[in-house]
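Here is how the chains run, residue by residue.
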Amino acid sequence: MKKTIHRLMLTGLAMLCSTAFALAQSVLKANLISPFFRTANVSFEKVIKQDRSLQVGFYYTGLRYKNTRFNGYGVTPEYRMYLSVDRKDAPQGFYLAPFLRYQQFSLTQVDTRVGGSLTTYGGGVTAGYQALFSDRITLDAFLGPSYNNGRVRADAGLVQSPFAISIFTGFLVRGGLNIGIKL
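Let me begin by describing the structure that accompanies this report. Since the model is a prediction, treat every value here as computed from it, not as a measurement.

Here is what the cut-offs are and how they apply
- Counting from 1, residues in each chain are numbered in the order their sequence is written.
- The model is predicted, so local features are restricted to residues of pLDDT at least 70 and side-chain atom pairs to those at 80 or more, both for listing and for counting; the totals for chains, interfaces and linings are taken over all residues.
- Side-chain measures here rest on the full set of heavy atoms in the structure, leaving out hydrogens and waters.
- Numbering of helices and strands runs from the N terminus; a helix is a DSSP stretch of H or I covering at least four residues, while a strand is a stretch of E covering at least two.
- Exposed residues in this analysis have more than 50% of their type's maximum accessible area, buried residues have under 20%, and partly exposed residues fall in between, with area computed by a 1.4 Å probe over protein chains only.
- Contacts are assigned to residue pairs that have any heavy atoms within 4.5 Å of one another.
- For Phe, Tyr and Trp, rings pair up if their centres lie within 6.5 Å, where Trp contributes its six-membered ring, and each pair is then called stacked (planes under 30 degrees apart), edge-to-face (over 60) or tilted (otherwise).
- Whether a charge sits over a ring comes down to the Lys NZ or Arg CZ being within 6 Å of the ring centre and within 35 degrees of the ring normal.

### With respect to the environment of V42
For step 1, the next point in the chain: Examined against the element boundaries, V42 turns out to sit in strand β2 (residues 39-49).
For step 2, the next point in the chain: Under the relative-accessibility criterion, V42 is labelled partly exposed at 42%.
For step 3, the next point in the chain: Remark: the alpha-carbon pair of V42 and G180, spanning 138 residues in sequence, is separated by 9.3 Å.
For step 4, the next point in the chain: Setting aside residues no more than four positions away along its own chain, V42 makes contact with K29, A30, V56, G57 and F58.

### A look at the packing of aromatic side chains
The geometry of an aromatic ring pair is captured by two quantities: the separation of the ring centres and the angle between the planes.
For step 1, the next point in the chain: One pass over the full model with this rule turns up eight aromatic pairs.
For step 2, the next point in the chain: Aromatic pair F105 and F168: ring centres 4.4 Å apart, planes at 40°, arrangement tilted. Separated by 63 residues along the polypeptide, F105 in strand β6 (residues 93-109) and F168 in the loop between β8 (137-154) and β9 (170-182) bring together distant segments of the chain.
For step 3, the next point in the chain: The buried category is assigned to F105, whose relative accessible area is 2%.
For step 4, the next point in the chain: Among the aromatic residues, those joined into a cluster by ring pairs are F70, F105 and F168.
For step 5, the next point in the chain: Cation over ring: R80 sits above Y95, and NZ or CZ is 4.0 Å from the ring centre.

Right, dumping it as structure tokens:
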């Protein structure tokens, strides 16, 4: 089941990206805050209506939290509804964006080198503002609540998981600051 969901997400993403690059009103972005957390985070937004867009974000991380090293990736599809009262067209202005998130990590306990894996599914909603400068450069700030449910699989022989996973599971806050270029 997990492999099927993963394949469907990647297939959908590939279809979205391949058709979107040929069309106008697309934005390619990078998160400016992510490098401080040993993470590379990029996203692609495609306007689908005057006040609506779809965005797919990807990240890869090598983060260490407490005594656990996380190496892995996440995929975050979201649907943006632009609410600007000044009648700006997407992709600019205030927006609300419900999102889903899938994450897959390999885990290592730093002290003992014990390994394992973590898979999470979740979602939430963000509110944000995306500004457009010189009709090409975007600055996108967003923040909102999320919830992720995770499943740890520790190496064989372990009775209890030694991993600190609270940074990726439970109720969390998702936020960021993206800089982008309108294609």
